[in-house]
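# Remarks on the overall topology
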Amino acid sequence: MTIALMTDIHANREAFEACLAHAGDHGVDQFVFLGDFVGYGADPEWVLDTLIDLVARGATALMGNHDAAAIGALSTHLNPSARQCIDWTRPRLSEAHVKFLSDLPLSAQDGPCLYVHANGWDPARFEYVFGPLEAGRSMQVARARITFCGHMHEPMLYHMGLPQRVETFAPVPGSPIPLSAARRWLALPGSVGQPRDGNPAACYAMFDELTSLLTFWRVPYDHQQAAQKVLQAGLPPQLASLLLTGGAV
Amino acid sequence: MSRPPPLEPGQRIDGFELQERVHRGGMGTLWRVTRPDLTQPAVMKVPAIQEDPTAIVGFEVEQMILPLLSGPHVPRFIAAGGFEAQPYIVMEYIEGQSLRPKLEQAPLPALQVASIGAQVAEALHDLHQQHVIHLDLKPSNILFRPGGAAVLVDYGLARHERLPDLLAEEFRLPLGTGPYISPEQVLRVRDDPRSDLFALGAVLYHLATGQRAFGNPTTVSGLRKRLYRAPTPPRAHNPDCPPWLQEIILHCLEVDAEQRYGSAAQVAFDLTHPQTVALTARANWTGRLSIGERLRRWVRSVGATPERRTVTRQLQRAPIVVVAVDASQEWEALADAVRAAARRVLQSEPQARLACVSVLKTSRIAPEAPTDEAGRNLHVQRLVQLQHWARPLALAPQRVTYHVLEAPDPAEAIIDYARANRVDHIIVGCRGLSGLRRYLGSVSTRVVAEAPCSVTVVKVPREEMAQAALAG
């Protein structure tokens, strides 16, 4: 079974479509979506319709903080531009969209894998895995050997062996990594709809359960079109430039 | 982790039947194993699960890297078992002894040292091209196939540039083997392929002299000495060691990786062409470092932070470039254009090496040493022409070599040369496709079609060629 891990799609139809097509070409037969389907982008309706269809066919989807905000269920803070996007998104959601978002769980576990949006120690509080410190905290409490997290918009892989030291690895796109059974792993696939590591190409990861091989991917897509739609929708212009630069400062 | 019961002959693990124990070392044991479907002999490596975490992580590293490797210079991976039950790796059994017993016979004759060294360098280059640095190259990890190809074993300390380094930060001590570990490994840098060239230099040193270049230190301060103390030059131990071999060995053993060969292919090139090795002060150096120089090196070694670079990038920086030169007056415009193309490649990669090649066409029937009407040796004439052609490039002698190949088929000679020397790039001129050549196929067309590497074909505008031909 080959699982595609996609997260932080953020209503970016162009990026999501490109990643789905890429996953289709690479033999993916299961999808896990780690949350934050709306906010920032101009196509929440299309993105949610597509997800509802995929979940009906067996995909797993989790709740992110932007999703919680969109149904008025977020207790924590959201930055002003994200808040503005959520206010723009809300009236566009159908009843079916709201029901889909409301039913999303905060985490899911399947065999050796734990799926969460933000972290493994308290998924509901949406605290970030900024670095090895938080990654270690998450890996220590997780019952699963491998944790997949969204929320951070940069691809990264953390691992921890017997001496409990956490190591950080910046993955090379397209190179499969064997996840040794002798240690714990925490993988951040990076964001589909709003990468922030200076590369505008969409991020997602693929995990082969049988061989335990994890592959990070970068998928180029028409980010100019996606940025243009953000501007046309009247959303904050800095969100359009984020898509154009991939978050480079 | 509980300690598994000791293994016995006849025992079965995941379908493999244990035959006999063939080796027992600090990191684990090797068993001959059989399985009905295996056509080749195989060995099972079982780690010594002791309190030493390096052994456990090293085994994990080897389990991760070995399945990704292929080709004649690595043992073929067959199967692996995880730590939840009995951890093991099953791989192809390599007949024959390691290089270790050869050390007893050292010092060996120079040409034998060079031949062994070239095989090992070829294996290292193949490994580096697969994005892996061995980091524990030593005689006991070098085996030879019956055909002569070197096989590198034991990837417990290896580094794959596209995988997480499980050994990176977990261990505070340098990882490697005392006599062979490179200065940058002593400083805990684990991502420079030239560390393996240093270890190769230490192996060659031992084979050429019968002595260890740096003794067998076991403490960190003992290991650090190689950052500021140069080894006794090989010729001081063994006067029969020729200057070219000392040049190659000390070039591999440079403290600063940037001063070593750029790639294992470049080492193999020199070991297979002793007569073209450019001798520097290293070749005839007989003494020890002055106190001043040792002090200078020691000061530099304190707080030294080697530059980080990936394996792939280092190989790209240090290509072997072949330029096929037709230096006859008639094709001067083309020879100029070929030189300009070579200059662009050499300027963009300062560690690139240039091999200037000219093919002297011989008859298939009588392949004797060709001479012209006046009885002059054409081979020597061609060599002189090649050197004259390359002079405007103003290259340091260590960066350029000259080769006249005698062969009936120029295209085939260039292609064979490129394959034998692991050439990365060929630059060849094209005289245009007119007349007979259109039907017979030009040299450049065949080189492009059949060469095992990138080929740049250089052309000059038709009119310029015509004028040059007239003037000539």
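Up top is the structure these notes are about.
Residues numbered from 1 in each chain as written. Chains lettered and ligands numbered in written order. Predicted model: local features only at pLDDT ≥ 70, side-chain atom pairs only at ≥ 80, totals over all residues.

## Describing the interface of chain B and chain A
With 16 residues of chain B at the contact, the number on the chain A side is 15 residues. The residue makeup of the side of chain B that touches chain A, split by class, is nine nonpolar, two polar and five charged. (Contact = placed C-beta atoms within 7 Å. Nonpolar A, V, L, I, M, F, W, Y, C, P; charged D, E, K, R; others polar.)

## Re helix H8 (residues 237-245) of chain A
Residues and elements named next belong to chain A. Those residues of H8 lying buried are Leu239, Ala240, Leu242 and Leu243. Seen along its axis, H8 keeps its buried residues to an arc of 155°; they face one direction. Of the residues in H8, the exposed ones pointing more than 90 degrees away from the buried face are Pro237 and Gln238. Residues of H8 that are buried in the fold lie against helix H4 (80-89) and helix H7 (223-232). Looking one or two residues past H8, glycine 246 carries a phi angle of roughly 70°, positive in sign. (Buried ≥ 20, exposed ≤ 12 C-beta atoms within 10 Å, placed from the backbone. Helix = DSSP H or I, 4+ residues; strand = E, 2+ residues; numbered from the N terminus. Arc of directions from axis to C-beta.)

## Some thoughts on the packing of helix H3 (residues 110-129) of chain B against helix H5 (residues 194-209) of chain B
Residues and elements named next belong to chain B. Packing of H3 against H5 brings their axes to within 10 Å, and their N-to-C directions diverge by 160°. The orientation of H3 relative to H5 falls into the category roughly antiparallel. You can see that H3 and H5 cross each other, and the crossing is right-handed. When H3 is examined against H5, the residues Ala110, Val113, Ile116, Gly117, Val120, Ala121 and Leu124 are found in contact with a partner set consisting of Asp196, Leu200, Leu204, Leu207 and Ala208. Its residues assigned to classes, the contact of H3 with H5 shows 10 nonpolar, one polar and one charged. (Axes fitted to C-alpha atoms, helices over the stretch in contact; angles between N-to-C directions. Parallel < 35°, antiparallel > 145°, perpendicular 65-115°, else oblique. Left-handed = near helix turned anticlockwise from the far one by under 90°.)

## Remarks on the sheet that holds strand E11 (residues 320-324) of chain B
Residues and elements named next belong to chain B. The strand order across the open sheet built from five strands is E13-E12-E11-E14-E15, with neighbouring strands paired in parallel fashion. Two strands in the sheet have a free side with no partner beyond their single neighbour: strand E13 (400-407) and strand E15 (454-458). Here the strands of the sheet are splayed against their neighbours by 20° on average, with no regard to which way each runs. Across five bridges, E11 lies against strand E12 (residues 353-361) in parallel orientation. Within E12, the position partnered with isoleucine 320 by the bridge is arginine 353. Packed on one face of the sheet, helix H17 (residues 443-450) meets strand E14 (425-429) and E15 and runs near 160° to E14. (Pairing = 2+ DSSP bridges.)

Everything listed is a geometric property; what it means functionally is a separate question.
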